[in-house]
Amino acid sequence: QDAGNHTLLSEFILSGLSSHPELQHLLFFTICFIYSMTLIGNLLICMATAHPTLHTPMYFFLRVLSFLDISTASVVVPKMLVNILSEDRSISYLGCVTQLYCVVSLASTEWYLLAAMAYDRYVAVCRPLRYPAIMSTRACLSMVLLSCCSGQVVSVLQTAWVFTLSFCGPRRINYFFCDIPPLVLLACADTSRYERQLISATVLVIFTPFCLILLSYTCIISSILRISSAESRHKTFSTCSSHLTVVTLYCASGTLIYLQPKSSNSQEAKKVLALIYTTVIPTLNPLIYSLRNKEVKEVLIRGMAMLMKK
């Protein structure tokens, strides 16, 4: 019977962010504004870091990060906006599979990319004389490609495992997009083995890169403390603090979402964390990096000045 119900299931219903009708229009315009800022901010970062004066590994990784942020938000937000104003909040079985695959793939890739960015900062601060040789164009491309491939592998395995579960209960997903924790709640079979596997995957995807990032920044801070000039220490730390801020935001939200996949009591809290993870952080990244980076700000100001003259 489980298998039959699993086979016949053709769609899910997304409950959305809130069930209060009076909040729907406010949510729509708020999220629409945030999504617009995500697109504008990250596109500006992509254009600014493509400037000839910013052709360095750090800005190359930042450009890739902005592309991933745009992609993550675009996988989740448009469908969420449609559902806020629509009475039909259904998503097809294939659509749910595709959305989950894309979200997990992009999120995993971003984590490995953040580890690559931390390694780049480590080489720049701790091995400055060897920096051009170590962080060559080929090395940077290889790191990005490895991050993408790792993200794809994680996503294929996680998506395949989730959708081998039998969904014989209600088809309503108490979430605003197809994600692992709310889908696991719909399964009618024992998911304890899968939950253990998910915790292992979370450790692999989040904590392994986080440990590498932590190790990189331990070495970086040690090197910064040995710099005699206070101005040089401040300049070096400021280039790393932006990245640390982003890592902290991702780690906190991602860990709280995926370490307890079948905790129904915390679903509302997980919705908020998922909203931060998929919508708010992609908006904050351009602000964090551009406002704290003098070179990016100068390129953006020069570009805006040229547009105003035209």
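Residues numbered from 1 in each chain as written. Predicted model: local features only at pLDDT ≥ 70, side-chain atom pairs only at ≥ 80, totals over all residues. Heavy atoms only, no water.

Q: Sorry if this is basic, but what is going on with the overall build of the protein here?
A: A tally of helices and strands in the protein yields 11 helices and 3 strands. When the helices and strands of the protein are placed in sequence order, the string is α-β-α-α-β-α-α-α-β-α-α-α-α-α. Whereas a compact globule of 310 residues would reach a radius of gyration of roughly 19 Å, the protein reaches 21 Å, a difference of no more than 12%. Along the longest, intermediate and shortest principal axes, the C-alpha atoms of the protein span 70 × 50 × 30 Å. Put simply, the protein has 310 residues, and 49% of those count as buried. For the protein, the accessible surface area stands at approximately 15600 Å², while carbon and sulfur atoms represent 68% of it. Side-chain charges of the protein comprise 23 positive and 15 negative groups, with the mean position of each set lying 12 Å from the other. (Helix = DSSP H or I, 4+ residues; strand = E, 2+ residues; numbered from the N terminus. Rg over C-alpha atoms; globule rule 2.2 N^0.38 Å. Buried < 20%, exposed > 50% of the residue type's maximum accessible area, 1.4 Å probe, protein only. Areas by Shrake-Rupley, 256 points an atom, 1.4 Å probe, with all protein chains shown as cover. Lys, Arg positive; Asp, Glu negative; His and termini not counted. Charge placed at Lys NZ, Arg CZ, Asp CG, Glu CD.)

Q: What exactly am I supposed to notice about helix 2 (residues 24-49) here?
A: A rise of 1.5 Å per residue sets the reference length of helix 2, with its 26 residues, at 38 Å; its end C-alpha atoms lie 37 Å apart and thus fit the reference within 8%. Listed in full, the buried residues belonging to helix 2 are Gln 24, Phe 28, Ile 31, Tyr 35, Thr 38, Gly 41, Asn 42, Ile 45, Cys 46, Ala 48 and Thr 49. (Expected span 1.5 Å × (residues − 1).)

Q: Any chance you could explain the state of the cysteines here in plain terms?
A: Such a bond, covalent and formed between the sulfur atoms of two cysteines, is termed a disulfide. Summed over the entire model, instances satisfying the criterion amount to 1 disulfide. Covalently, Cys 96 is tied to Cys 178 through a disulfide, its sulfur atoms 2.0 Å apart. On the sign convention where negative is left-handed, the bridge of Cys 96 and Cys 178, at about -120° about the S-S bond, is left-handed. Of this pair, Cys 96 sits in helix 4 (residues 93-126) while Cys 178 is found in the loop between strand 3 (172-173) and helix 7 (180-186), placing the two residues 82 residues apart along the sequence. (Disulfide = S-S within 2.5 Å.)

Q: Teacher, can you tell me more about the sheet that holds strand 1 (residues 11-14) here?
A: In sheet architecture, strand pairing relies on hydrogen bonds along the backbone and comes in two forms, parallel and antiparallel. Across the sheet, 3 strands lie side by side as 2-1-3; this open sheet has mixed pairing. The two strands at the open ends of the sheet, each matched to only one other strand, are strand 2 (90-92) and strand 3. Alignment of strand 1 against strand 2, held across 3 bridges, turns out to be antiparallel. Residue pairing for strand 2: Glu 11 is matched across the bridge by Ser 92. Helix-sheet contacts for helix 4 involve strand 1, strand 2 and strand 3, and the interaxial angle to strand 2 is about 85°. (Pairing = 2+ DSSP bridges. Contact = heavy atoms within 4.5 Å. Axes fitted to C-alpha atoms, helices over the stretch in contact; angles between N-to-C directions.)

Q: Looking at this model, I keep getting lost on the packing of aromatic side chains. Mind explaining?
A: Describing an aromatic ring pair means giving the distance of the ring centres and the angle of the ring planes. Considering all chains together, one arrives at 12 aromatic pairs under this definition. Aromatic pair Phe 12 and Phe 167: ring centres 5.6 Å apart, planes at 85°, arrangement edge-to-face. Of this pair, Phe 12 sits in strand 1 while Phe 167 is found in the loop between helix 6 (137-162) and strand 3, placing the two residues 155 residues apart along the sequence. Comparing Phe 12 with Phe 167 shows no difference in burial state: the two are buried. Arranged with centres 5.3 Å apart and planes meeting at 80°, the rings of Tyr 250 and Tyr 277 form a pair that is edge-to-face. One end of the pair, Tyr 250, is in helix 9 (residues 230-258); the other, Tyr 277, is in helix 10 (residues 267-291), with 27 residues separating them in the sequence. Comparing Tyr 250 with Tyr 277 shows no difference in burial state: the two are buried. (Phe/Tyr/Trp six-rings, centres within 6.5 Å; stacked < 30°, edge-to-face > 60°.)

Q: Explain the UniProt feature "transmembrane region" (unreviewed entry) in the protein here, please?
A: Taken from the UniProt record, the annotation "transmembrane region" (unreviewed entry) applies to residues 26-48, 60-78, 98-119, 140-163, 199-225, 237-260 and 272-291. A distance of 33 Å separates the end C-alpha atoms of residues 26-48, which is 100% helix and 0% strand. From the first C-alpha to the last, residues 60-78 spans 27 Å; its make-up is 100% helix and 0% strand. (UniProt positions renumbered as here; feature names shortened; annotations may be inferred.)

Q: What is the right way to look at the confidence of the model for the protein in this model?
A: Atomic detail in the predicted coordinates should be set aside for any region of low pLDDT. Averaged over every residue, the pLDDT of the protein is 83; residues scoring 70 or more account for 90%. Across residues 1-7, where pLDDT falls below 50, the model places 11 contacts with residues more than four positions away in sequence or in other chains. (pLDDT = per-residue confidence, 0-100.)

Q: Mind showing me how you'd approach a nonpolar patch on the surface here?
A: On the surface, a cluster of nonpolar side chains totalling about 580 Å² of accessible area is made up of Phe 33, Met 37, Ile 40, Leu 43, Leu 44 and Met 47. Assignment of secondary structure puts Leu 44 in helix 2. Given a relative accessible area of 35%, Leu 44 falls into the partly exposed group. (Patch = residues over 30% accessible without salt bridge, like charges linked within 9 Å, V, L, I, M, F, W, Y side chains within 5 Å. Salt bridge = Lys/Arg side-chain N within 4 Å of Asp/Glu carboxyl O.)

Q: For this particular structure, what's the right way to read the nonpolar core?
A: Generally speaking, soluble globular proteins have nonpolar side chains that are buried together. One finds Phe 12, Phe 61, Trp 111, Leu 114, Ile 173, Ile 180 and Leu 183 to be the most contacted residues of the largest nonpolar core, which totals 86 residues. Here the element with the most residues in this core is helix 4; it accounts for 18 residues. Ignoring anything within four residues of it in the chain, the contact list for Trp 111 reads Val 205, Ile 206, Pro 209, Phe 210, Ile 213, Val 247, Tyr 250, Cys 251 and Tyr 277. (Core = buried A, V, L, I, M, F, W, Y, C linked by side-chain atoms within 4.5 Å.)

Q: Is there a simple way to explain empty space enclosed by the protein in this structure?
A: Left-over empty space is what a probe sized like a water molecule reveals as it rolls over the atoms. Counting across every chain of the model gives 4 cavities of 30 Å³ or more. Counted as a void, the largest cavity has a volume near 190 Å³. Lining the largest cavity are 16 residues, with Val 104, Ser 108, Thr 202, Val 205 and Tyr 258 sitting closest to its centre. Those elements that provide at least two residues to the lining of the largest cavity are helix 4, helix 6, helix 8 (192-225) and helix 9. Each pocket or cavity is described by its volume, and for the second largest cavity that value is around 60 Å³. Considering the residues around the second largest cavity, the lining is formed by Gly 16, Leu 17, Ser 18, Gln 24, Leu 27, Met 80, Asn 83, Ile 84, Arg 89 and Phe 176. Here the element with the most residues in the lining of the second largest cavity is helix 3 (residues 57-85); it accounts for 3 residues. Classifying every residue of the lining of the second largest cavity gives 5 nonpolar, 4 polar and 1 charged. (1 Å grid on protein atoms, 1.4 Å probe; cavity = no way out; pocket = protein on both sides within 12 Å on 5 of 7 lines; lining within 4 Å. Points joined across faces, edges and corners; volume = space filled by probe spheres on them. Nonpolar A, V, L, I, M, F, W, Y, C, P; charged D, E, K, R; others polar.)

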